[in-house]
There are 2 protein chains.
Amino acid sequence: VNILLLAPQFECSDTWRIAMAAAAPDVAIVADGDVDSAVIEGALVDEPPPGRLQYCTNLRFILSLSAGVDSLLADPTLPAVPIVRLVNTEMSALMREYIVYQVLRLHRRFDETEALQRDRRWVWLSSAASAASRVVSVLGVGHLGRPAAEALQSLGFQVRVWSRTPKQIPGIRCFTGIDGLHTLLAGTDILVSVLPLTPDTMDILSEDLFRRLPVGASIINVGRGACLREDDLLNALDSGHLAHATLDVFAVEPLPDEHPLWRHPRVTITPHTAAYPEPESFVKTIATALTRIREGDIPTVVDRLHGY
Amino acid sequence: VNILLLAPQFECSDTWRIAMAAAAPDVAIVADGDVDSAVIEGALVDEPPPGRLQYCTNLRFILSLSAGVDSLLADPTLPAVPIVRLVNTEMSALMREYIVYQVLRLHRRFDETEALQRDRRWVWLSSAASAASRVVSVLGVGHLGRPAAEALQSLGFQVRVWSRTPKQIPGIRCFTGIDGLHTLLAGTDILVSVLPLTPDTMDILSEDLFRRLPVGASIINVGRGACLREDDLLNALDSGHLAHATLDVFAVEPLPDEHPLWRHPRVTITPHTAAYPEPESFVKTIATALTRIREGDIPTVVDRLHGY
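Read on for an overview of the structure. (Residues numbered from 1 in each chain as written. Chains lettered and ligands numbered in written order. Predicted model: local features only at pLDDT ≥ 70, side-chain atom pairs only at ≥ 80, totals over all residues. Heavy atoms only, no water.)

1. Considerations on the overall build of chain A
For step 1, the next point in the chain: A tally of regular secondary structure across chain A gives ten helices and twelve strands.
For step 2, the next point in the chain: For chain A, the spread of C-alpha atoms along the three principal axes comes to 65 × 45 × 35 Å.
For step 3, the next point in the chain: Per-residue burial for chain A yields a buried fraction of 56% across its 308 residues.
For step 4, the next point in the chain: If you take every contact in chain A between residues at least 6 apart in sequence, the share linking residues at least 24 apart comes to 62%.
For step 5, the next point in the chain: A total accessible area of about 12900 Å² is found for chain A, and carbon and sulfur atoms account for 52% of it. (Helix = DSSP H or I, 4+ residues; strand = E, 2+ residues; numbered from the N terminus. Buried < 20%, exposed > 50% of the residue type's maximum accessible area, 1.4 Å probe, protein only. Contact = heavy atoms within 4.5 Å. Areas by Shrake-Rupley, 256 points an atom, 1.4 Å probe, with all protein chains shown as cover.)

2. Describing the sheet that holds strand β1 (residues 2–6) of chain A
Residue and element names in this part refer to chain A.
For step 1, the next point in the chain: Ordered in space as β2-β1-β3-β4-β5, the five strands form an open sheet in which the pairing is parallel. Of all strands in the sheet, those bounded by a partner on one side alone are β2 (28–31) and β5 (83–85). Across this sheet, the average inter-strand angle for adjacent strands is 25 degrees, counted without regard to direction.
For step 2, the next point in the chain: Pairing geometry for strand β4 (residues 61–64) and β5, over three bridges, is parallel. (Pairing = 2+ DSSP bridges. Axes fitted to C-alpha atoms, helices over the stretch in contact; angles between N-to-C directions.)

3. Comments concerning the packing of helix α2 (residues 14–23) of chain A against helix α10 (residues 283–294) of chain A
Residues and elements named next belong to chain A.
For step 1, the next point in the chain: Their axes nearest at 10 Å, the elements α2 and α10 cross at an angle of 35 degrees. α10 is crossed by α2, and the crossing has right-handed handedness. Side by side, α2 and α10 meet where Trp-16, Ala-19, Met-20 and Ala-23 of the first sit next to Val-283, Ile-286, Ala-287 and Leu-290 of the second.
For step 2, the next point in the chain: Class assignment for the residues of the contact of α2 with α10 results in eight nonpolar, no polar and no charged. (Left-handed = near helix turned anticlockwise from the far one by under 90°. Nonpolar A, V, L, I, M, F, W, Y, C, P; charged D, E, K, R; others polar.)

4. What about the packing of aromatic side chains?
For step 1, the next point in the chain: Taken as a whole and judged by the stated rule, the model has 13 aromatic pairs over all chains.
For step 2, the next point in the chain: Relative to B:Phe110, the ring of A:Tyr98 lies with its centre 5.8 Å away and its plane at 65 degrees, an arrangement referred to as edge-to-face. Highlighted residues: A:Tyr98 in helix α4 (residues 89–107) and B:Phe110 in helix α5 (residues 110–118), drawn from two different chains. Across this residue pair, the class does not change: A:Tyr98 and B:Phe110 are buried.
For step 3, the next point in the chain: Taken together through their ring pairs, the aromatic side chains of A:Tyr98, A:Tyr101, A:Phe110, B:Tyr98, B:Tyr101 and B:Phe110 make up a single cluster. (Phe/Tyr/Trp six-rings, centres within 6.5 Å; stacked < 30°, edge-to-face > 60°.)

5. A few points about the interface of chain B and chain A
For step 1, the next point in the chain: Taken residue by residue, the interface counts 53 residues in chain B and 53 residues in chain A.
For step 2, the next point in the chain: In total, chain B and chain A occlude about 4900 Å² of area from one another, counting both sides; carbon and sulfur atoms represent 58% of this.
For step 3, the next point in the chain: Among the residues of chain B in contact with chain A, B:Tyr101, B:Arg120 and B:Trp122 are the three that bury the most area, contributing 18% of the side total.
For step 4, the next point in the chain: The salt bridge partner of B:Glu114 is A:Arg105, with a shortest N-O separation of 3.3 Å.
For step 5, the next point in the chain: Seen at the junction of chain B and chain A, the total is 29 residue pairs in polar contact (both at pLDDT 80 or more).
For step 6, the next point in the chain: Only α4 (89–107), α5, α6 (145–154) and β12 (267–269) of chain B provide two or more residues apiece to the side of chain B that touches chain A.
For step 7, the next point in the chain: By residue number, the principal contributor to the side of chain B that touches chain A is α4(B), which donates eleven residues.
For step 8, the next point in the chain: The residue inventory of the side of chain B that touches chain A, partitioned by class, reads 27 nonpolar, 13 polar and 13 charged. (Buried area = accessible area lost by both parts, 1.4 Å probe. Salt bridge = Lys/Arg side-chain N within 4 Å of Asp/Glu carboxyl O. Polar contact = N/O pair within 3.5 Å; in protein donor to acceptor, adjacent residues only side chain to side chain.)

6. Some points on helix α10 (residues 283–294) of chain B
Residue and element names in this part refer to chain B.
For step 1, the next point in the chain: In a regular helix each residue adds 1.5 Å, so twelve residues correspond to 16 Å; α10 covers 17 Å between its end C-alpha atoms and thus fits that length.
For step 2, the next point in the chain: Restricting attention to buried positions, one finds in α10 the residues Val-283, Ile-286, Ala-287, Ala-289, Leu-290 and Ile-293. Projection of α10 onto a plane perpendicular to its axis shows the buried side chains occupying an angular sector of 160 degrees, all on one side.
For step 3, the next point in the chain: Along its buried surface, α10 packs onto β1 (2–6), α2 (14–23), β3 (42–45), β4 (61–64) and β5 (83–85).
For step 4, the next point in the chain: Residue Gly-296 follows α10 closely and has a positive phi angle near 80 degrees. (Expected span 1.5 Å × (residues − 1). Arc of directions from axis to C-beta.)

7. Remarks on the sheet that holds strand β2 (residues 28–31) of chain B
All names here are of chain B.
For step 1, the next point in the chain: The strand order β2-β1-β3-β4-β5 describes an open sheet built from five strands, whose pairing is parallel. Each edge of the open sheet carries a strand with a single partner, namely β2 and β5. Taking each pair of neighbouring strands and ignoring which way they run, the sheet shows an average axis angle of 25 degrees.
For step 2, the next point in the chain: Where β1 and β2 come together, four bridges link them in parallel fashion. Considered in β2, the bridge of Leu-5 is made with Ala-31.

8. Quick word on the relation of the copies chain B and chain A
For step 1, the next point in the chain: Rotating chain B by 180 degrees and translating it 0.0 Å along the rotation axis places it on chain A, where the RMSD comes to 0.0 Å. Taken together, the rotation angle and the small translation identify this as a two-fold axis. Closest to the rotation axis within chain B is the C-alpha of B:Tyr101, separated from it by 2.8 Å.
For step 2, the next point in the chain: A share of 100% of the interface residues of chain B reappears at the interface of chain A, consistent with the copies meeting face to face through the same patch. (Least-squares fit on C-alpha atoms with pLDDT ≥ 70 in both.)

9. Describing the side chain of B:Asp232
All names here are of chain B.
For step 1, the next point in the chain: The residue Asp-232 is located in helix α9 (residues 230–238) in this model.
For step 2, the next point in the chain: By relative accessible area, which is 15% here, Asp-232 ends up buried.
For step 3, the next point in the chain: Every residue in contact with Asp-232, bar those within four places of it in the chain, is listed here: Ser-206, Glu-207 and Phe-210.

That is the geometry; function is a separate question.
See the structure below:
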């Protein structure tokens, strides 16, 4: 089986290539241009160039290394083959680490402590409020959001989640639907979005949503940049309604040099690195997916109707 | 019962005073100078001025709000009454938050990401290593260290602990004794000290210990400043043997303005705030301790032989 690789980070990794060859010896991972497109049966991609896959006329499946498949689905020339999302446990673990870290940073005001060190100032900001007094809400509780929500709960936070389909998670208040979202927002101190980008979630983090949060709330966006209206966010920060925003994803990436988010004193920027595991961590996930595809049992396929 | 209060943060809190009066109406919390020292039966203290308590000739017990009682025990004039350490669950939870945050900061190189934002640089440092590939070791696993060790384990780290008395904790490698310490150090990536200051732990974080850690290891000290030799630490950082130090406690506090630790590029400073809960969180702990003392069942008394 020839599988076309369109994922820059993986193309550079020799250790990944060697491990992959050992785990799936009958599979040839080929670089773009190495073989004729017509002999390619599968594609292993991380947000590939739009239009590229239409030339793979015998394509049977696409394996997406990115949890977000919005850019794939936005390509009108994409062959109508199953898209498998390769979310592995390592990616879930990294997302959990990122969210726990950033929530603790806001909860304990560590950003302010770190700024004080730069001025050599020994200042007690205040006694620390208890995690039990904070409501942290997670939007999107699939493979990436749920482990984070559970870790926050085990650290003592009051955790709420919101998802398209109803969920039941012990000790966590689960909401669904637009009314559920509004109820959740009204009592939220820290809002974490792990939402995929779909027609329903485009621009969901906008003025209307921010206004429903209590004054002084903070937001963390690790879903997709286009879920958030950056101008509305800047207004909500500057009016004092929101206290802080921590952003890993942006409407345009890399975030342009002149963008006001870079220098906003109450914005934390990370360069889309919340949950990017080492290529080697995907070897087993890919090999398992290929075995299942060969057996006709295609795993975790993207639902094109709902967009994720 | 008259109880003398010697704890600045508590003296300023009216909400604490009101809650305390409601929880223990037969107890009078008195400020220094309000009543004659001879009518004082108990003291509620957070590192009080040495020499002060000797004048309380009818003192029957001391309640320590600080988990560290080294400065109390160092006072030769201290009345020979039981010292009760008021470690509450809130303090344990805050210490767990601090340690989880600082370990994740080192594990994911968030300090470097945050510095890059200040220069508006969108740079991928590297794919993230898995928590399962990191050994985090916790020295001291009492009320404060153990919940942190367990939280780190649940985030996927390989966790080791070292304590004076042998421990058994599911999924965690437990060490004791000097040989145990040396074995633990040799494989440690991030070393966290929650040790109390005793004759055995004074200067324990020194050149000899640093040399036993692998090159590139980091340390976090949330125990006591005098457990660590600051000059040895600076040498170990500057030689490149240690990668980073995160310090909440210091030999002299507040850390003097001219101290080289403040500006070291690989040192994170917090002003002894790892686990300082709101005064109100102690109301129930204090009321319970007072009831037990009245019933002659004095709780968690400091062992003066071992110094904690």
